[in-house]
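Descriptive analysis of the structure
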Amino acid sequence: MGIVLASSSPRRIELARRIGLDCVIDPPDIDEDSVALSAGAAAVLSERKAKAVAARHPLETAVIAADTLVVCGGAVLGKPRDEGEAAEMLRLLSGQTHTVATGVTVIREGRVLTRTELTRVTMRALTGAEIRAYVATGEPMDKAGAYGIQERGALLVERVEGDFYNVMGLPVCLLSKMLLSFGVDLLC
């Protein structure tokens, strides 16, 4: 049985490799903007990504997809469209606790399993100069909530409650449990 990671995210690919997931990378081609941002959008998008890629592979292939969103005070944040939106997202998150939601889907032989992992993250209060400097690095531009905890964005985060890897975009413990239900044991 083959395994496919339906992603173009360098962070997801890196995490998959770190946990020993021997997989082919096949990025999905879906319109992520067609789904209204809501608390459940991460699960919907992960399932759409997985189904789009699964259609290109044999049924016995396990296809994994994920999507991450940030929820803060009722606002749902995806990836910023430009630097101005990145700065606005960081102003919203500054000094607040928010939730990172990652939807994960595994498809194999027509069976679809989708779960969502939630992690609470507290960001320290940021000055306008810090926000401008961080945005100028370019790091926020391809990340939900406009920060990457595994890079310089770690300097913005005071506390993480839950799965750290979820904040990077792939909750590896949840994924391993999901794969076990498909007969794939990453430890053996």
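Now for a quick tour of the structure. No experiment lies behind these values; they were computed from the predicted model shown.

**Observations concerning the overall build of the protein chain**
Counting its regular elements, the protein chain contains six helices and seven strands. Sequence-ordered secondary structure for the protein chain, helices as α and strands as β, is β-α-β-α-β-β-α-β-β-α-β-α-α. Rg of the C-alpha trace for the protein chain: 16 Å, near the compact-globule value of 16 Å for 188 residues, within the 12% margin. For the C-alpha atoms alone, the extent of the protein chain along its principal axes is close to 50 × 35 × 25 Å. Here the protein chain holds 188 residues, and the buried ones make up 48% of them. Considering only residue pairs separated by 6 or more positions, the protein chain has 65% of its internal contacts joining residues 24 or more positions apart. Of the roughly 8900 Å² of accessible surface on the protein chain, 51% is carried by carbon and sulfur atoms. Distance from the positive charge centre (21 side chains) to the negative charge centre (24 side chains) of the protein chain: 2 Å.

**Overview of the pattern of salt bridges**
Tallying each qualifying case throughout the model produces 11 salt bridges. Across the pair Arg-81 and Glu-85 runs a salt bridge whose closest N-O atoms are separated by 3.1 Å. A relative accessible area of 74% places Arg-81 in the exposed class. When salt bridges with common partners are traced through the structure, they connect Arg-11, Asp-142, Lys-143 and Glu-151 into a single cluster.

**Regarding unusual backbone geometry**
Residues other than glycine seldom take positive phi values, yet Glu-109 does so here, at roughly 50°. Among the secondary structure elements, Glu-109 is positioned in the loop between β5 (97-108) and β6 (111-123). One non-glycine residue, Ala-146, adopts positive backbone phi at about 70°. Overall, Ala-146 belongs to the buried group, its relative accessible area being 0%.

**Some points on the environment of Cys-72**
The residue Cys-72 is located in strand β3 (residues 62-72) in this model. In this structure Cys-72 comes out as buried when scored by relative accessible area, which is 6%. With 114 residues separating them in the primary sequence, Cys-72 and Leu-186 have C-alpha atoms 34 Å apart. Discounting residues that sit within four places of it in the chain, Cys-72 has contacts with Leu-92, Leu-93, Gln-96, Thr-97 and His-98.

**A few points about the nonpolar core**
In this structure, Leu-21, Ile-64, Leu-90, Tyr-147 and Leu-175 are the most contacted members of the largest nonpolar core, which totals 44 residues. Among residues more than four places away in sequence, those in contact with Tyr-147 are Leu-90, Leu-93, His-98, Val-100, Val-121, Met-123, Tyr-134, Pro-140, Leu-156, Val-157 and Val-167.

**As for helix α4 (residues 128-136)**
Looking only at α4, the buried set comprises Ile-131, Tyr-134 and Val-135. On an axial view of α4, the arc spanned by its buried residues comes to 100°, and they lie on one face. Turned more than 90 degrees away from the buried face of α4, the exposed residues are Arg-132 and Ala-136. Along its buried surface, α4 packs onto α3 (83-93).

**Topic: α3**
Taken together, the buried positions of α3 are Ala-86, Ala-87, Met-89, Leu-90 and Leu-93. Buried residues along α3 cover an arc of 160° about the axis, so they all sit on one side. Set apart from the buried face of α3 by more than 90 degrees, the exposed residues are Glu-88 and Arg-91. Residues of α3 that are buried make contact with β3, β4 (75-77), β5, β6 and α4. By the N-cap criterion, in which a side-chain oxygen at the helix start approaches the backbone nitrogen of a residue two or three places on, α3 is capped by Asp-82, the distance to Gly-84 being 3.1 Å. Just downstream of α3, Gly-95 is the residue with a positive phi angle, here 75°.

About the thresholds
- Residues numbered from 1 in each chain as written.
- Predicted model: local features only at pLDDT ≥ 70, side-chain atom pairs only at ≥ 80, totals over all residues.
- Heavy atoms only, no water.
- Helix = DSSP H or I, 4+ residues; strand = E, 2+ residues; numbered from the N terminus.
- Rg over C-alpha atoms; globule rule 2.2 N^0.38 Å.
- Buried < 20%, exposed > 50% of the residue type's maximum accessible area, 1.4 Å probe, protein only.
- Contact = heavy atoms within 4.5 Å.
- Areas by Shrake-Rupley, 256 points an atom, 1.4 Å probe, with all protein chains shown as cover.
- Lys, Arg positive; Asp, Glu negative; His and termini not counted.
- Charge placed at Lys NZ, Arg CZ, Asp CG, Glu CD.
- Salt bridge = Lys/Arg side-chain N within 4 Å of Asp/Glu carboxyl O.
- Core = buried A, V, L, I, M, F, W, Y, C linked by side-chain atoms within 4.5 Å.
- Arc of directions from axis to C-beta.
- Polar contact = N/O pair within 3.5 Å; in protein donor to acceptor, adjacent residues only side chain to side chain.

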